[in-house]
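Fold and contact review
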Amino acid sequence: MKTRLWALLLAMFVLNSTFAQINYWKKIQAKNKNQNLTAIATDVNVNTQNIYYLDIESLKRDLKKTNLRGKSSVASEVLLTFPDKSGKFITYRVSELSTLHPDLAKKFPSVKSYIGIQTTNCGNVIRFSMGSDGFHGMLFKSGAKSQYIDPYAKIDSSYMVYS
């Protein structure tokens, strides 16, 4: 009986740690916004309240756990959060969605595309890619304008959310 209880507790711990969601985004506080950030030239009017730091290395590590959409009958268990323009963090179930021809995918293995379905509203979707130029994402919400997540500064891992 004790052995079964320990096995059950161990299984619950492993599953919880495997599928726990981590927020890789941290809002850059107002006092830090203009420190060491050289904004990329853009014609987008960005609200400075929508600038975030992204722990891109941790995100890349966890994206390796995603299923390739269409190649697995099991739904992805990778849950990731992304900020939207209003400052809310939204959770999506993320899968890899290859968009490159197989020859190009072999030539550029660091370029990957993903799709995420919001866990609380399947009509809301995020599509994003990771490559040598960082993270680029598009949020599609039913009945709302599309939103974008793009690099904000040239060197660090700061990103802007805008529509």
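Cut-offs and rules
Residues numbered from 1 in each chain as written. Predicted model: local features only at pLDDT ≥ 70, side-chain atom pairs only at ≥ 80, totals over all residues. Heavy atoms only, no water. Core = buried A, V, L, I, M, F, W, Y, C linked by side-chain atoms within 4.5 Å. Buried < 20%, exposed > 50% of the residue type's maximum accessible area, 1.4 Å probe, protein only. Contact = heavy atoms within 4.5 Å. Pairing = 2+ DSSP bridges. Helix = DSSP H or I, 4+ residues; strand = E, 2+ residues; numbered from the N terminus. Axes fitted to C-alpha atoms, helices over the stretch in contact; angles between N-to-C directions. pLDDT = per-residue confidence, 0-100. Lys, Arg positive; Asp, Glu negative; His and termini not counted. Salt bridge = Lys/Arg side-chain N within 4 Å of Asp/Glu carboxyl O. Polar contact = N/O pair within 3.5 Å; in protein donor to acceptor, adjacent residues only side chain to side chain.

Before going further, it helps to examine the nonpolar core. Counting residues in hydrophobic clusters, the biggest one holds 22 residues, and the most contacted among them are Trp25, Phe82 and Phe135. Discounting residues that sit within four places of it in the chain, Trp25 has contacts with Tyr52, Tyr53, Leu54, Thr81, Phe82, Pro83, Phe89, Phe135, Ile149 and Tyr159. In this structure, Ile51, Tyr152, Ala153 and Met160 belong to the second largest nonpolar core, which totals 6 residues.

Here the focus is the sheet that holds strand 5 (residues 112-118). Reading across from one edge, 1-2-9-8-7-6-5-4-3 is the order of the 9 strands in this open sheet, with antiparallel pairing throughout. Of all the strands in the sheet, the pair left with one neighbour each is strand 1 (25-27) and strand 3 (79-83). The sheet shows a mean angle of 30 degrees between the axes of neighbouring strands, direction not considered. In this structure, strand 1 lies alongside strand 2 (residues 51-54), joined through 3 bridges in antiparallel fashion. Bridging across to strand 2, Lys27 finds its partner in Tyr52. Contacting strand 2, strand 3, strand 4 (89-96), strand 5, strand 6 (125-131), strand 7 (134-140) and strand 9 (158-162), helix 2 (residues 56-63) runs over the sheet at an angle of about 105 degrees to strand 6.

The pLDDT averaged across the protein works out to 80; a share of 71% of its residues lies at or above 70. Low pLDDT (under 50) marks residues 6-19, which in the prediction has 2 contacts with non-local residues, meaning those over four places away or in another chain.

This brings us to the side chain of Asp150. As for its position among the elements, Asp150 is in strand 8 (residues 147-151). Buried charge without a partner: Asp150 forms no salt bridge, and the closest opposite charge is Lys85, 13 Å away. Apart from the residues within four sequence positions on either side, Asp150 is in contact with Phe135, His136, Gly137, Ser158, Tyr159, Met160 and Tyr162.

Quick look at the environment of Asp55 now. Within the element layout of this structure, Asp55 appears in the loop between strand 2 and helix 2. Given the relative accessible area of 29%, Asp55 is considered partly exposed. Separated by 29 residues in the primary sequence, Asp55 and Lys26 have C-alpha atoms spaced 8.4 Å apart. Looking at Asp55, its side chain comes within polar contact range of the side chain of Ser58, at 2.8 Å.

This structure, assessed with the given rule, holds 6 salt bridges. Among the salt bridges present, the one from Glu77 reaches Arg93, with a minimum N-O distance of 3.7 Å. Here Arg93 lies in strand 4 and Glu77 lies in the loop between helix 2 and strand 3, a separation of 16 residues in the sequence. The exposure class of Glu77 is partly exposed, given its relative accessible area of 38%. Classification of Arg93 as partly exposed rests on a relative accessible area of 32%. A salt bridge links Asp84 to Lys141, with the nearest nitrogen and oxygen atoms 2.6 Å apart. Remark: Lys141 occurs in the loop between strand 7 and strand 8 and Asp84 occurs in the loop between strand 3 and strand 4; sequence separation between them is 57 residues. The two residues Asp84 and Lys141 agree in class, both being buried. One continuous salt-bridge network, built from bridges that share partners, spans Arg61, Asp62 and Lys65.

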